Amino acid sequence: MNKVSKQNYTLDIKSLFERGNLATKQNLPVMLRCIFILLFIGLAAFVVFFNIYEIETVAQLEAMQTETYFFNMLLAVLMSPLMAGMGMLAVKTERKQAINVISLFMYVPFILWLATAELAISLLTQVGMTLFILPAIYIFITTIFAKLLIADKQLRPFLAIKTSIQMCNQYLLQLTVLFAIFLVLFLIGMLTFGIAFIWVIPLYYNVTGILYNDLFGHVVEESQSETNNSEEAHFDA
């Protein structure tokens, strides 16, 4: 996993959406329950934040931009295992593995690695935003698989980020088109007062999960094969 070889993979956006729609039909109930859990945790955290600082008006909130920034950063870091869990729900669906709401919390033991990756990606994105918006978009797109690599393959944070970037660079144009489509879908979701999000958000996770499995899933089989071969050689010796 230290090197990412050139893939003989064709990123077919139409096929990804067809497979993503099928997966969404399969795991929608579990996905929606997990999304509601995430929303509840997020809303509860904001209620606590508002109560601590006694925020009652929008003007007060705007006057506390520094505190709000660090709170959002802290919340993103603490939620990183759950966000990785959301992505892995889609990956497991693609792999025909059983999923449930408990699966959302399976990656809490990796919180240190996931939080480090989340913090590093957030800081890189912030730097990109200060320079120009395009570097920030590039960081967002190319690091999309970093947390999945940590959760799925237990890569160290910076190796996961590097591996994700190396792989995504090979399909940067297609990935840009893919995320542009999702941007339009999210705008449609807002125009429908959030109703469309019931399908769009699970679809987003399923499409990215399927793509992750297409790009990195073979590594699981290769690594398992190498492990088995080394064990057989050791046994024979």
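Let me begin by describing the structure that accompanies this report.

Definitions and limits used
Residues numbered from 1 in each chain as written. Predicted model: local features only at pLDDT ≥ 70, side-chain atom pairs only at ≥ 80, totals over all residues. Heavy atoms only, no water. 1 Å grid on protein atoms, 1.4 Å probe; cavity = no way out; pocket = protein on both sides within 12 Å on 5 of 7 lines; lining within 4 Å. Points joined across faces, edges and corners; volume = space filled by probe spheres on them. Helix = DSSP H or I, 4+ residues; strand = E, 2+ residues; numbered from the N terminus. Nonpolar A, V, L, I, M, F, W, Y, C, P; charged D, E, K, R; others polar. Axes fitted to C-alpha atoms, helices over the stretch in contact; angles between N-to-C directions. Parallel < 35°, antiparallel > 145°, perpendicular 65-115°, else oblique. Contact = heavy atoms within 4.5 Å. Patch = residues over 30% accessible without salt bridge, like charges linked within 9 Å, V, L, I, M, F, W, Y side chains within 5 Å. Areas by Shrake-Rupley, 256 points an atom, 1.4 Å probe, with all protein chains shown as cover. Salt bridge = Lys/Arg side-chain N within 4 Å of Asp/Glu carboxyl O. Phe/Tyr/Trp six-rings, centres within 6.5 Å; stacked < 30°, edge-to-face > 60°. Buried < 20%, exposed > 50% of the residue type's maximum accessible area, 1.4 Å probe, protein only.

## A look at the layout of surface pockets
Phase 1: For the largest pocket, the calculated volume is near 1,100 Å³.
Phase 2: In terms of lining, the largest pocket is formed by 32 residues, of which the most central are Met-83, Glu-118, Phe-140, Lys-147 and Tyr-205.
Phase 3: Sorting elements by how many residues they give to the lining of the largest pocket places helix α3 (residues 65-94) first, with 11 residues.
Phase 4: Residue classes in the lining of the largest pocket are distributed as 21 nonpolar, 9 polar and 2 charged.
Phase 5: Volume-wise, the second largest pocket comes out at about 300 Å³.
Phase 6: Together, 14 residues line the second largest pocket, and Ile-137, Phe-140, Ile-141, Phe-179 and Leu-183 are the ones closest to its centre.

## Section: the packing of helix α5 (residues 133-142) against helix α8 (residues 172-191)
What describes two packed helices is the angle between their axes and the distance between those same axes.
Phase 1: Relative to each other, α5 and α8 sit at 95 degrees, their axes nearing to 10 Å. With respect to α8, the axis of α5 lies roughly perpendicular. Contact with α5, carried on its side by Tyr-138, Phe-140, Ile-141 and Thr-142, involves Leu-172, Leu-175, Thr-176 and Phe-179 of α8 and no other residues of that element.
Phase 2: Across the contact of α5 with α8, the residue classes tally to 6 nonpolar, 2 polar and no charged.

## Let's talk about a nonpolar patch on the surface
Phase 1: Taken together, Val-127, Met-129, Leu-131, Phe-132, Ile-133, Leu-134 and Ile-137 make up a surface patch of nonpolar side chains, about 710 Å² in accessible area.
Phase 2: If you list the elements that add at least two residues to the nonpolar patch, you get α4 (111-131) and α5.
Phase 3: Counting through the fold element by element, Phe-132 comes out in the loop between α4 and α5.

## Considering the packing of aromatic side chains
Phase 1: A full pass over the atoms with the stated rule returns 17 aromatic pairs.
Phase 2: Between Phe-46 and Phe-50 the ring centres are 6.3 Å apart and the planes differ by 75 degrees, which places this aromatic pair in the edge-to-face class. Separated by 4 residues within a single helix, Phe-46 and Phe-50 lie in helix α1 (residues 13-52), roughly one turn from each other.
Phase 3: Given the relative accessible area of 30%, Phe-50 is considered partly exposed.
Phase 4: For the pair Phe-145 and Phe-216, a centre-to-centre distance of 5.7 Å together with 70 degrees between the ring planes defines the contact as edge-to-face. Of the two residues, Phe-145 is situated in the loop between α5 and α6 (146-153) and Phe-216 in helix α9 (residues 197-236); the sequence distance between them amounts to 71 residues. No difference in accessibility class separates Phe-145 from Phe-216, as the two residues are buried.
Phase 5: Taken together, the ring pairs in this structure connect Phe-17, Phe-140, Phe-179, Phe-182, Phe-186, Phe-197, Tyr-204 and Tyr-205 into an aromatic cluster.

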